[in-house]
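# Structural overview for review
Single-letter residue listing:
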Amino acid sequence: MKDLREKVVLVTGAASGIGRATAVEFAREGAGPLILCDIDEEGLRGTSALIEGLGRGAFVIPADVSDLDAVEGMVDETLRRAGRIDVLVNVAGIGIGGPVEVLEMEDWRKVIGVNLFGILHTVGTVYPHMLGRGSGHIVNVASGAGLVVPSPYNAPYNVSKFGVVGLSESLLYEACAHGIGVTCVCPGAVRTPIYETSPIKGFSPEMRGEMMRILSTAEEPGDTARALVRAVKKNRFLVVTTFFMKAIYFAKRYLPFIWFPFMRLVSRGMVRYLNRYRIGRQQA
């Protein structure tokens, strides 16, 4: 799919961050109409205005990707209004941080419901349409944390993103036989609202400041979006962004005998340091 002009692109999580930047980047490439999906209707209208400012069309279709019925309705409306879906980009994602012993089952269900089942819902609904047409491209935005766990206290997010990577690779090996491309994007830290909006359980509010330190190695959403669009045009499967994430992924993949002892040592220090912000029982 080297030429994206007039391609119908459906983007979830399009109200802000990587989703918004991706929709705009596809519009710059001449794609359209852009189908914008999110639960934040005001944010979607802002993204739509940016796309229309580039002379491209956009449809705003709010939906909660964790709700299969809502996704099926959103896809049905997309096909009714645009006639087809050439590219599906799954960006919608949330996080809930905290120690494993503090997190409740509902926290796990909520994060996995959006981050993994949200993608299963859209892929399960759109992929048969692409099979029928014999063309299309599916992009799943996972995370560098779906390849390597960079820090403690973010287990539901990490588990969901490892699942997205596994789903993407599984889909790749089936879809390639039918002329359908698959890309899995695993960004390092990106300056998006998730760092400000994700609940952190079991810690005092000061923990938010420590979490924001991650942004010192972060890229802008537009950087991620450009890498994503390039991957679609080149039909690349795996995209890892930021120097830091590329480095630790390389270390884990090619030097595991060094990586795991090193991370055990580092994590002990990180847990002890972060425990100063723990509420209630302390664990080292």
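For the structure, see preceding data.
Treat the numbers as computed from the prediction; the structure is a model and nothing was measured. (Residues numbered from 1 in each chain as written. Predicted model: local features only at pLDDT ≥ 70, side-chain atom pairs only at ≥ 80, totals over all residues. Heavy atoms only, no water.)

## A closer look at the overall build of the chain
When helices and strands are tallied, the chain shows eleven helices and seven strands. In terms of overall size, the chain behaves like a compact globule, its C-alpha atoms giving a radius of gyration of 19 Å where 284 residues would be expected to give roughly 19 Å. A buried classification covers 51% of the 284 residues belonging to the chain. Restricting to contacts in the chain with at least 6 residues of sequence separation, those with at least 24 account for 73%. Accessible surface computed for the chain: about 13,100 Å², of which carbon and sulfur atoms make up 56%. Between the averaged position of the 32 positive side-chain charges in the chain and that of its 28 negative side-chain charges there is a distance of 9 Å. (Helix = DSSP H or I, 4+ residues; strand = E, 2+ residues; numbered from the N terminus. Rg over C-alpha atoms; globule rule 2.2 N^0.38 Å. Buried < 20%, exposed > 50% of the residue type's maximum accessible area, 1.4 Å probe, protein only. Contact = heavy atoms within 4.5 Å. Areas by Shrake-Rupley, 256 points an atom, 1.4 Å probe, with all protein chains shown as cover. Lys, Arg positive; Asp, Glu negative; His and termini not counted. Charge placed at Lys NZ, Arg CZ, Asp CG, Glu CD.)

## Quick look at the packing of helix α10 (residues 243–254) against helix α11 (residues 256–274)
Contact pair α10 / α11: the axes reach a minimum separation of 5 Å and the direction vectors enclose 115°. Residues Ile248, Ala251, Lys252, Arg253 and Tyr254 of α10 touch α11, and the partners they reach there are Pro256, Phe257, Trp259 and Phe260. Residue classes in the contact of α10 with α11 are distributed as seven nonpolar, no polar and two charged. (Axes fitted to C-alpha atoms, helices over the stretch in contact; angles between N-to-C directions. Nonpolar A, V, L, I, M, F, W, Y, C, P; charged D, E, K, R; others polar.)

## With respect to the pairing of strand β5 (residues 136–141)
Both faces of the sheet carry side chains from a regular strand, because those side chains alternate between them. Most of β5 is tucked away: six of the six residues are buried. Burial along β5 is two-sided: Gly136, Ile138 and Asn140 and His137, Val139 and Val141, pointing in opposite directions, are all buried. With four bridges connecting them, strand β4 (residues 87–90) and β5 associate as parallel partners. When the bridges of β5 are listed, Val89 appears paired with Val139. Across six bridges, β5 lies against strand β6 (residues 180–186) in parallel orientation. Within β6, the residue paired with Val141 across the bridge is Val185. Traced from β5 through helix α6 (residues 155–175) to β6, the parallel crossover comes out right-handed. (Pairing = 2+ DSSP bridges. Right-handed = clockwise from strand over helix to strand, strands pointing away.)

## Description of empty space enclosed by the protein
Evaluation of the coordinates by the stated rule reveals one cavity of 30 Å³ or more. In this structure, the largest cavity occupies an estimated 30 Å³ of space. Tallying contributions element by element places helix α5 (residues 117–133) first for the lining of the largest cavity, with three residues. Residues belonging to the lining of the largest cavity are distributed by class as follows: five nonpolar, four polar and no charged. (1 Å grid on protein atoms, 1.4 Å probe; cavity = no way out; pocket = protein on both sides within 12 Å on 5 of 7 lines; lining within 4 Å. Points joined across faces, edges and corners; volume = space filled by probe spheres on them.)

## Section: a negative patch on the surface
Side chains of Asp64, Asp67, Asp69, Glu72 and Asp76 sit close together on the surface and give a patch of like negative charge. Its place among the elements puts Asp67 in the loop between β3 (58–60) and α3 (68–82). Take Asp67: its relative accessible area is 34%, and that puts it in the partly exposed class. (Patch = residues over 30% accessible without salt bridge, like charges linked within 9 Å, V, L, I, M, F, W, Y side chains within 5 Å. Salt bridge = Lys/Arg side-chain N within 4 Å of Asp/Glu carboxyl O.)

## Quick look at the environment of Pro187
With respect to the helices and strands, Pro187 occurs in the loop between β6 and α7 (194–197). For Pro187, a relative accessible area of 4% translates into the label buried. Linking Pro187 and Pro261, residues 74 residues apart in sequence, is a C-alpha distance of 24 Å. Not counting chain neighbours up to four residues away, the residues in contact with Pro187 comprise Ile18, Val141, Ala142, Ser143, Gly144, Glu219, Thr224 and Thr241.

## Section: a positive patch on the surface
On the surface, Arg230, Lys234, Arg236 and Lys246 cluster together to form a positively charged patch. Assignment of secondary structure puts Arg230 in helix α9 (residues 221–234). Exposure remark for Arg230: the relative accessible area of 45% places this residue in the partly exposed category.

## Thoughts on the nonpolar core
Counting residues in each nonpolar core, the largest one holds 43 residues, and the members touching the most others are Leu10 and Met74. Elements with a contribution of two residues or more to this core: β2 (34–37), α3, α5, α6, β6, α10 and α11. Ranked by residues supplied to this core, first place goes to α6 with six residues. Excluding anything up to four places from it in sequence, Leu10 contacts Ile35, Cys37, Met74, Ile85, Val87, Leu88, Val89 and Val126. Within the second largest apolar cluster, 29 residues are counted, among which are Ala15, Ala58, Val141 and Val239. (Core = buried A, V, L, I, M, F, W, Y, C linked by side-chain atoms within 4.5 Å.)

## Some remarks on the side chain of Ser198
Tracing the backbone shows Ser198 in the loop between α7 and α8 (207–212). A polar contact is formed between the side chain of Ser198 and the backbone oxygen of Gly95, at a distance of 3.4 Å. (Polar contact = N/O pair within 3.5 Å; in protein donor to acceptor, adjacent residues only side chain to side chain.)

## A few points about the sheet that holds β3
Read from one edge of the open sheet, seven strands run β3-β2-β1-β4-β5-β6-β7, paired in parallel fashion. With one partner strand each, in any of the chains shown, β3 and β7 (238–240) form the two edges of the open sheet. Within the sheet, the average angular offset between the axes of one strand and its neighbour, ignoring direction, is 15°. Sheet topology places strand β1 (residues 9–12) next to β4; three bridges connect them, and they run parallel. Note on β4: the bridge partner recorded for Leu10 is Leu88.

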